[in-house]
Amino acid sequence: MATSTYTVTGMTCGHCVSAVQKEIGRIDGVSSVDVDLATGRVLVESAAPISDAEVVAAVDEAGYEVANS
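These remarks concern the structure in this document. (Residues numbered from 1 in each chain as written. Predicted model: local features only at pLDDT ≥ 70, side-chain atom pairs only at ≥ 80, totals over all residues. Heavy atoms only, no water.)

**A few points about the side chain of Ser-46**
Mapped onto the elements, Ser-46 comes out in strand 3 (residues 41–46). Within the structure, the side chain of Ser-46 is placed 2.6 Å from the backbone oxygen of Ala-48, a separation counted as a polar contact. In this structure, Ser-46 is in contact with Met-1, Ala-2, Gly-29, Val-30 and Ser-31, ignoring residues within four places of it in sequence. (Helix = DSSP H or I, 4+ residues; strand = E, 2+ residues; numbered from the N terminus. Polar contact = N/O pair within 3.5 Å; in protein donor to acceptor, adjacent residues only side chain to side chain. Contact = heavy atoms within 4.5 Å.)

Right, here's the structure in full:
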């Protein structure tokens with residue numbers, strides 16, 4: 001099991017959370033996506049490590065941005 005944490009900016013409501021969860025959840029191997037609206041923290045669990053680029057692309061598809069770390 002691999003776990004990655006990201007910070008997503010621009011989310012303001014439950015619909016935003018759902019959109020981000022849905023898009024990241026479409027990535028092959030992702031088993032769960034936990035989004036904290038208040039902090040923008042997104043915890044992604046997967047069977048094997050997934051690339052940051054895949055997560056960034058999914059968040060972008062949902063209409064939001066991953067903050068640079």
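Next, the rest of the story.
**Some details on the pattern of salt bridges**
The full count for this structure, using the stated rule, is 2 salt bridges. A salt bridge links Arg-26 to Glu-23, with the shortest nitrogen-to-oxygen separation between them at 3.3 Å. By relative accessible area, which is 54% here, Arg-26 ends up exposed. A relative accessible area of 17% means that Glu-23 is categorised as buried. A salt bridge links Asp-34 to Arg-41, with the nearest nitrogen and oxygen atoms 3.3 Å apart. (Salt bridge = Lys/Arg side-chain N within 4 Å of Asp/Glu carboxyl O. Buried < 20%, exposed > 50% of the residue type's maximum accessible area, 1.4 Å probe, protein only.)

**Some details on the sheet that holds strand 1 (residues 2–9)**
With respect to topology, 4 strands assemble into an open sheet ordered 2-3-1-4, the strand pairing being antiparallel. Each having just a single partner strand, strand 2 (30–36) and strand 4 (65–66) make up the two edges of the open sheet. For strand 2 and strand 3, the ladder comprises 6 bridges, and the chain directions are antiparallel. Within strand 3, the position partnered with Asp-36 by the bridge is Arg-41. (Pairing = 2+ DSSP bridges.)

**Comments concerning the packing of helix 1 (residues 14–25) against helix 2 (residues 52–62)**
Between helix 1 and helix 2, the least distance of the axes is 8 Å, while the angle of their chain directions is 140°. With respect to helix 2, the axis of helix 1 lies oblique. In this structure, the crossing between helix 1 and helix 2 has a hand that is right-handed. Note on element contacts: helix 2 touches helix 1 through Val-55, Ala-58, Val-59, Glu-61 and Ala-62, opposite Ala-19, Val-20, Glu-23 and Ile-24. Broken down by class, the residue content of the contact of helix 1 with helix 2 amounts to 7 nonpolar, no polar and 2 charged. (Axes fitted to C-alpha atoms, helices over the stretch in contact; angles between N-to-C directions. Parallel < 35°, antiparallel > 145°, perpendicular 65-115°, else oblique. Left-handed = near helix turned anticlockwise from the far one by under 90°. Nonpolar A, V, L, I, M, F, W, Y, C, P; charged D, E, K, R; others polar.)

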